[in-house]
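Secondary and tertiary structure notes
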Amino acid sequence: MLIIDSKDCENIDKALKKYKKKFEKSRTLLQLRERQSFTKPSVKRRGEILKAVYKQQIASGKIEA
């Protein structure tokens, strides 16, 4: 649960902005989306390997980003 410390004279818009920023930094929404469906470990590993290969190709100059 996110708690926002707000001062008595603070505007509600500023408090809402702080809450949204904290919510985004906590990555709660990403975790919820990730948990909606199960991903097999082998599929996760395959995706990580493909990302690593792609990053290496960009670094070596074979692919332009």
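See the structure shown above.
As a starting point, this report considers the structure included with it. Everything numeric in this text was worked out from a predicted model, so none of it was measured.

From N to C terminus, the chain includes three helices and zero strands. When its helices and strands are written in sequence order, the chain yields α-α-α. Its C-alpha atoms give the chain a radius of gyration of 20 Å, clearly above 11 Å, the size a compact globule of 65 residues would have. Taking all 65 residues of the chain together, the buried fraction comes to 2%. For the chain, the exposed area adds up to about 6800 Å²; of that, 55% sits on carbon and sulfur atoms. Separation of charge centres in the chain, based on 18 positive and 8 negative side chains, amounts to 8 Å.

Our next topic: helix α3 (residues 41-60). Every α-helical turn comprises 3.6 residues, leaving residues that sit three or four positions apart pointing alike. Here α3 is 20 residues long and its end C-alpha atoms lie 29 Å apart, about the 28 Å a rise of 1.5 Å per residue gives. Burial of α3 is sparse: only zero of the 20 residues sit out of reach of the surface. Gly 61, located one to two residues past α3, shows a positive phi value of around 95°.

This part takes up unusual backbone geometry. The phi torsion at Arg 27 lies on the positive side, around 60°, for a residue other than glycine. Positionally, Arg 27 belongs in the loop between α1 (12-26) and α2 (28-35).

What the rule picks out here adds up to one aromatic pair. Both rings, one in Tyr 19 and one in Phe 23, keep their centres 6.2 Å apart while their planes meet at 25°; by these two values the pair is stacked. A residue pair is termed a helical-turn pair when its members lie 3 or 4 positions apart in one helix, as Tyr 19 and Phe 23 do in helix α1 at four residues. Classification of Tyr 19 by relative accessible area gives partly exposed; the value is 36%. Overall, Phe 23 belongs to the partly exposed group, its relative accessible area being 29%.

Further remarks concern the environment of Met 1. Secondary-structure assignment places Met 1 in the segment before α1. Separated by 13 residues in sequence, Met 1 and Lys 14 have C-alpha atoms that sit 19 Å apart.

Now for the environment of Pro 41. In this structure, Pro 41 sits in helix α3. The class of Pro 41 is exposed, set by a relative accessible area of 52%. On a C-alpha basis, the gap between Pro 41 and Gln 31 in space is 16 Å, while along the polypeptide they are 10 residues apart.

Rules of the game
- Residues numbered from 1 in each chain as written.
- Predicted model: local features only at pLDDT ≥ 70, side-chain atom pairs only at ≥ 80, totals over all residues.
- Heavy atoms only, no water.
- Helix = DSSP H or I, 4+ residues; strand = E, 2+ residues; numbered from the N terminus.
- Rg over C-alpha atoms; globule rule 2.2 N^0.38 Å.
- Buried < 20%, exposed > 50% of the residue type's maximum accessible area, 1.4 Å probe, protein only.
- Areas by Shrake-Rupley, 256 points an atom, 1.4 Å probe, with all protein chains shown as cover.
- Lys, Arg positive; Asp, Glu negative; His and termini not counted.
- Charge placed at Lys NZ, Arg CZ, Asp CG, Glu CD.
- Expected span 1.5 Å × (residues − 1).
- Phe/Tyr/Trp six-rings, centres within 6.5 Å; stacked < 30°, edge-to-face > 60°.

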